[in-house]
Amino acid sequence: TQLLEQSPQFLSIQEGENLTVYCNSSSVFSSLQWYRQEPGEGPVLLVTVVTGGEVKKLKRLTFQFGDARKDSSLHITAAQPGDTGLYLCSLTGTYKYIFGTGTRLKVLA
Amino acid sequence: SQTIHQWPATLVQPVGSPLSLECTVEGTSNPNLYWYRQAAGRGLQLLFYSVGIGQISSEVPQNLSASRPQDRQFILSSKKLLLSDSGFYLCAWSPSGRKNTEAFFGQGTRLTVV
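It should be emphasised that the depicted structure is a prediction, and the values quoted were computed from it without experimental measurement.

Enquirer: Outline the interface of chain A and chain B, supporting the account with residue identities and numerical values.
Expert: In this complex, chain A contributes 25 residues to the contact, which on the side of chain B involves 25 residues. Note on chain A versus chain B: buried area summed over both sides is about 2,000 Å², and carbon and sulfur give 51% of it. Run the count over chain A and chain B and you get one salt bridge. Across the salt bridge formed by Lys96 of chain A and Glu59 of chain B, the nearest N and O atoms sit 3.2 Å from each other. Viewed at the interface, chain B and chain A are joined by ten residue pairs in polar contact (both at pLDDT 80 or more). Elements represented by at least two residues in the side of chain A that touches chain B include exactly strand 4 (32–37), strand 5 (44–49), strand 9 (85–92) and strand 10 (97–99) of chain A. In terms of residue class, the side of chain A that touches chain B is built from ten nonpolar, twelve polar and three charged.

Enquirer: Hey, could you go over the pattern of salt bridges for me, with residue numbers and the actual values?
Expert: Here the structure, examined in full by the defined rule, presents five salt bridges over all chains. The partner of Glu54 of chain A in a salt bridge is Lys56 of chain A, and the shortest N-O contact between them spans 3.7 Å.

The rules behind these values
Residues numbered from 1 in each chain as written. Chains lettered and ligands numbered in written order. Predicted model: local features only at pLDDT ≥ 70, side-chain atom pairs only at ≥ 80, totals over all residues. Heavy atoms only, no water. Contact = heavy atoms within 4.5 Å. Buried area = accessible area lost by both parts, 1.4 Å probe. Salt bridge = Lys/Arg side-chain N within 4 Å of Asp/Glu carboxyl O. Polar contact = N/O pair within 3.5 Å; in protein donor to acceptor, adjacent residues only side chain to side chain. Helix = DSSP H or I, 4+ residues; strand = E, 2+ residues; numbered from the N terminus. Nonpolar A, V, L, I, M, F, W, Y, C, P; charged D, E, K, R; others polar.

Put into structure tokens, the structure is as follows:
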């Protein structure tokens, strides 16, 4: 079974700081998704990356897919309290979604 | 538009009692359906998925079972709950036959086995 490791596991930062979280696997991804989950709710999709080296931006969030398609990163610029949540990466296929271990982010006002 | 309903939102059950969690999807046909379990603040563990009526794939051996009696209905069951079955259970669906699509999640059921 393919394992997705995310780091760090927990992150607590002040509003306005920048941060990067990582998602790594020992195997090559065909594609990867990032989700954010708030307490008591289901995860919601942020982005899908498919091509090695791909970079996608979503307002203050920048997502990068590694050239070898074995890792991905999420960078948040000038974090805000509304960014607080659990960030999950996921391997996707035609019908299966395998999720990473998660990074819990807390942004303090 | 498509919607997913999952119930109940919270459940407290004694050890050894049965379990039935239900999930239904509206506004689409032949969806792929999923049951996940999440430990507190951690990632999602895939328990079961289904690509069609009566077709269930189990990802991990456990005390749980799943059924899909109708196209858009997915049920998670147990005959006798264990303390270790406590957790946050999430149902999800995705469009069938397409790669790299989004998985849409229900609001989850927080199960506490006492």
